[in-house]
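Spelled out from the first residue to the last, the chains are:
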Amino acid sequence: MTARWWEATIASLLLLTALTRLPFRSEVPINWDAVQYLLALERFDIALHRPHPPGNPLYVLLGRGANALIPDPNQALIALSIIASLVVVWGTAAIGERLASRRVGAWAALLVAVNPLLWFYGETALSYAPEAAAGVLVALAAWRAYTRPDRWSALWLGLTTAFTGGLRPTALPLLGLVWLFGVWTMRWRVRALAAGVTAAGCLAWAVPLVVVSGGPVEYWTQLRLLTRIAVEPTSLASGPSMRWLGNLWSVVSASAVMLNLFAVVVAVAVVRARPSLRPLSPRACLLWAWLIPPVLMFTLVHFGQWGYLLLILPPVTILGLLALERAEMLHGRVAAARLVALALVGALSFLLMPSVRMPGHEMQPSRGALAAHNEAWREVTRIVSELPPDRTVVLTSSDGRQSFRIAGYLLPQYSVVGVGRDWHGNWGSLYDAIDGQSDYRLDPTLYAHALVRVTDLEYIVVLDNSLAERVPDAITWSRWDLPDGRPLLVHRSPPGTTYLSFADRKIRVLHENAFRSPSFRDRPPAQP
């Protein structure tokens, strides 16, 4: 492939990536984490999860810059995801060309550009596409440092690594082996320069992050609390539990969607090539250093969302193409037709896959799922907006994969209540959001309220399957089935003081005369 054809191919792939992202952007926050990033654009507060720990300070800073140009905060962060997707495609082509050939780089860039996972997360206000883009830059810097171990390479490696840590601090340990690969051939003084630039760059964002979070003790407390509820239950270090098995199944499911038929073709190539036990080449060392730590972290410790896998999408794709090349399945018209077919399978899986719920309540990475999500929240907004804000309460699940954060963000004039379990196992009302403000925080001293008194309440709205299933008299409530498969229940209460009861993990609407019944008086008092 000549230089002119190479440049034209990469330019075409970048144009394809941009044009395929613009029509399918998410109109509303895609999930709980996205809302917390949007709230961080207004006010940064780790304790209130604006955003959640560890904070991703440079991502928030870039988001504020984008928001200055694009008034809609959600679309501003999506613009970052689209730009990051372009960087991933370009970077994959560049590193494929440098490690192997322009042919490998071009095919890798095509497969990555139409990958359903990158396509989906390129349409959302989340930090996974930017993390993948930064990971590609670190890998490029590491290869340059390995092949040209001079001071400029040390400077570039340090800056890209520190920048990646500022986007997502959790990426630093995952890319640690890539950084070590980069400094492997350097002289000790040059290594010290790379380490110093990396440390100084990380301190440049870490110190302000800790300061604005209330100091080292407060920052560590918030980080530790999130680790206790999100990471420890899924970690194999806590024992081989059902949560860990569920975590492992999510990794397998996401990997199957990301790789689809490409994994089958590569497996055939590996069998045909009969892999030997020869020492790994430098290029293979870099790709495996890029791949192994994230895979171990995701399978053995924590895998929060499918977007985590974007960090390893480029090395997996390049390794697969190298396996095809070794098996003589990368050259010729048949090989080209096969790879084009694989790219079409990836694109069509995003464009044509219907909206279905995936393991762990994960959203199917497809255009249909995005459309259903947008339509569902348009319907929620339409129905709820017909109810008087001062006499309506919206009940949502406080589980991190449910609707409390999104409802509080999209329905700011309404009282939105997060219902769930506290740290002591009690179930009831936990959090409130109104006027764009929320008291959501991780606090072991919080207690769920089993009984909530509300004056002048007329309408109770219930979102989320997990809550609708806990309404014993749901048959008497008005019901809408939303496009994404969730129900929406509405109950009209008679005038007067109303009590929302969450006793026995059920949602009941009570009135003052209910307290005159002996059966109610005999119940044990609710915990504070």
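Shown above is the structure to which this text applies.
Report follows, based on the coordinates. (Residues numbered from 1 in each chain as written. Predicted model: local features only at pLDDT ≥ 70, side-chain atom pairs only at ≥ 80, totals over all residues. Heavy atoms only, no water.)

### Structural notes on the pairing of strand β9 (residues 478-481)
Moving on, step 1. Across 4 bridges, the pairing between β9 and strand β10 (residues 487-492) is antiparallel. Opposite arginine 479, over in β10, you have leucine 489 as the bridge partner.
Moving on, step 2. Connecting β9 to the next strand, β10, in antiparallel fashion are 5 residues, including glycine 485 with a positive phi near 95 degrees. (Pairing = 2+ DSSP bridges. Helix = DSSP H or I, 4+ residues; strand = E, 2+ residues; numbered from the N terminus.)

### Examining the sheet that holds strand β5 (residues 427-434)
Moving on, step 1. Overall, mixed pairing links the 7 strands, which are arranged β6-β5-β4-β3-β8-β10-β9 in an open sheet. Looking at which strands have only one partner, the edges of the open sheet turn out to be β6 (437-438) and β9.
Moving on, step 2. With 5 bridges connecting them, strand β3 (residues 392-397) and strand β4 (residues 415-421) associate as parallel partners. Each bridged residue has a counterpart across the sheet, and for threonine 396 the counterpart in β4 is glycine 418.

### A word on the environment of proline 233
Moving on, step 1. Inspection of the secondary structure puts proline 233 in the loop between α12 (216-231) and α13 (242-273).
Moving on, step 2. The spacing of proline 233 and leucine 463 is 230 residues in sequence and 26 Å in space, taken between C-alpha atoms.
Moving on, step 3. Sequence-distant contacts of proline 233, that is, excluding residues within four places in its chain, are made with Thr227, Arg228, Ser241, Arg243 and Trp244. (Contact = heavy atoms within 4.5 Å.)

### What about the side chain of threonine 234?
Moving on, step 1. Along the chain, the position of threonine 234 falls in the loop between α12 and α13.
Moving on, step 2. Reaching out from threonine 234, the side chain makes a polar contact with the side chain of histidine 302 at a distance of 3.3 Å.
Moving on, step 3. Among all residues touching threonine 234, those that are not within four sequence positions of it are Arg243, Trp244, Asn247, Leu300, Val301 and His302. (Polar contact = N/O pair within 3.5 Å; in protein donor to acceptor, adjacent residues only side chain to side chain.)

### Looking at the pattern of salt bridges
Moving on, step 1. The final tally for this structure, using the stated rule, is 15 salt bridges.
Moving on, step 2. The partner of aspartate 150 in a salt bridge is arginine 144, with the nearest N and O atoms 3.6 Å apart.
Moving on, step 3. Judged by its relative accessible area of 26%, aspartate 150 falls in the partly exposed class.
Moving on, step 4. Here arginine 144 falls in the partly exposed class, since its relative accessible area comes to 25%. (Salt bridge = Lys/Arg side-chain N within 4 Å of Asp/Glu carboxyl O. Buried < 20%, exposed > 50% of the residue type's maximum accessible area, 1.4 Å probe, protein only.)

### A word on the packing of aromatic side chains
Moving on, step 1. Here the structure, examined in full by the defined rule, presents 18 aromatic pairs.
Moving on, step 2. An angle of 55 degrees between the planes, with centres 5.6 Å apart, marks the rings of phenylalanine 298 and phenylalanine 303 as tilted.
Moving on, step 3. What makes phenylalanine 298 buried here is its relative accessible area of 3%.
Moving on, step 4. Among the aromatic side chains, those forming a connected cluster through ring pairs are Phe120, Tyr121, Tyr128, Phe298, Phe303 and Tyr308.
Moving on, step 5. Lying over the aromatic face of tryptophan 188, arginine 191 brings its terminal NZ or CZ to 4.5 Å of the ring centre.
Moving on, step 6. The ring of tryptophan 427 has arginine 470 lying over it, and the distance from NZ or CZ to the ring centre is 4.7 Å. (Phe/Tyr/Trp six-rings, centres within 6.5 Å; stacked < 30°, edge-to-face > 60°. Lys NZ or Arg CZ within 6 Å of the ring centre and 35° of its normal.)

### Re the environment of glycine 214
Moving on, step 1. For glycine 214, the position within the fold is in the loop between α11 (188-212) and α12.
Moving on, step 2. When its relative accessible area of 56% is taken as the criterion, glycine 214 is described as exposed.

### What about the pairing of β4?
Each regular strand carries side chains that alternate between the two faces of the sheet.
Moving on, step 1. Of all 7 residues in β4, 5 are buried; the element is thus mostly enclosed.
Moving on, step 2. At this point the chain moves from β3, through helix α18 (residues 404-410), to the parallel β4, and the crossover so formed is right-handed.
Moving on, step 3. Sheet topology note: the β4/β5 ladder contains 6 bridges and is antiparallel. By the bridge assignment for β5, glycine 420 is matched with glycine 428.
Moving on, step 4. The turn joining β4 and β5, which pair antiparallel and follow one another in sequence, is formed by 5 residues; a positive phi near 90 degrees is taken by glycine 425. (Right-handed = clockwise from strand over helix to strand, strands pointing away.)

### As for unusual backbone geometry
If a residue is not glycine, its phi is most likely negative; likewise, a peptide bond is most likely trans.
Moving on, step 1. Of the consecutive residues arginine 50 and proline 51, the connecting peptide bond is found in the cis state with omega at 5 degrees.
Moving on, step 2. In this chain, proline 53 is followed by proline 54 through a cis amide linkage whose omega measures 10 degrees.
Moving on, step 3. Among the structural elements, proline 54 can be located in the loop between α2 (32-42) and α3 (57-69).
Moving on, step 4. Positive phi, close to 40 degrees, is recorded for asparagine 260, a residue that is not glycine.
Moving on, step 5. Looking at where asparagine 260 falls in the secondary structure, it is placed in helix α13.
Moving on, step 6. For glutamate 328, which is not glycine, the phi torsion reads 60 degrees and is therefore positive.
Moving on, step 7. For glutamate 328, a relative accessible area of 68% translates into the label exposed.

### Regarding helix α15 (residues 313-326)
Moving on, step 1. Look at α15: 20 Å from first C-alpha to last across 14 residues, which is about the 20 Å you get at 1.5 Å a residue.
Moving on, step 2. Burial runs high along α15: 12 of the 14 residues are buried.
Moving on, step 3. By the burial criterion, the buried members of α15 are Leu313, Pro314, Pro315, Val316, Thr317, Ile318, Leu319, Gly320, Leu321, Leu322, Ala323 and Leu324.
Moving on, step 4. Positive phi appears at glutamate 328, one or two residues downstream of α15, with a value of about 60 degrees. (Expected span 1.5 Å × (residues − 1).)

### With respect to helix α17 (residues 367-385)
Moving on, step 1. For α17, which comprises 19 residues, the first-to-last C-alpha distance of 27 Å matches the rise-based estimate of 27 Å (1.5 Å per residue) to within 8%.
Moving on, step 2. Those residues of α17 lying buried are Gly368, Ala369, Leu370, Ala372, His373, Asn374, Ala376, Trp377, Val380, Ile383 and Val384.

### A word on the side chain of threonine 198
Moving on, step 1. Tracing the backbone shows threonine 198 in helix α11.
Moving on, step 2. A polar contact is formed between the side chain of threonine 198 and the side chain of tryptophan 179, at a distance of 3.1 Å.
Moving on, step 3. When residues no more than four places from it in sequence are discounted, the contact partners of threonine 198 are Gly158, Thr161, Ala162 and Trp179.

### Things to note about the sheet that holds strand β7 (residues 451-454)
Moving on, step 1. Taken in spatial order, the 3 strands of this open sheet run β7-β11-β12, and their pairing is antiparallel. At either end of the open sheet lies a strand with only one pairing partner, and these are β7 and β12 (508-511). Taking each pair of neighbouring strands and ignoring which way they run, the sheet shows an average axis angle of 25 degrees.
Moving on, step 2. Where strand β11 (residues 498-501) meets β12, 4 bridges bridge the pair, whose relative direction is antiparallel. Bridge assignment links tyrosine 499 to a residue of β12, and that residue is leucine 510. (Axes fitted to C-alpha atoms, helices over the stretch in contact; angles between N-to-C directions.)

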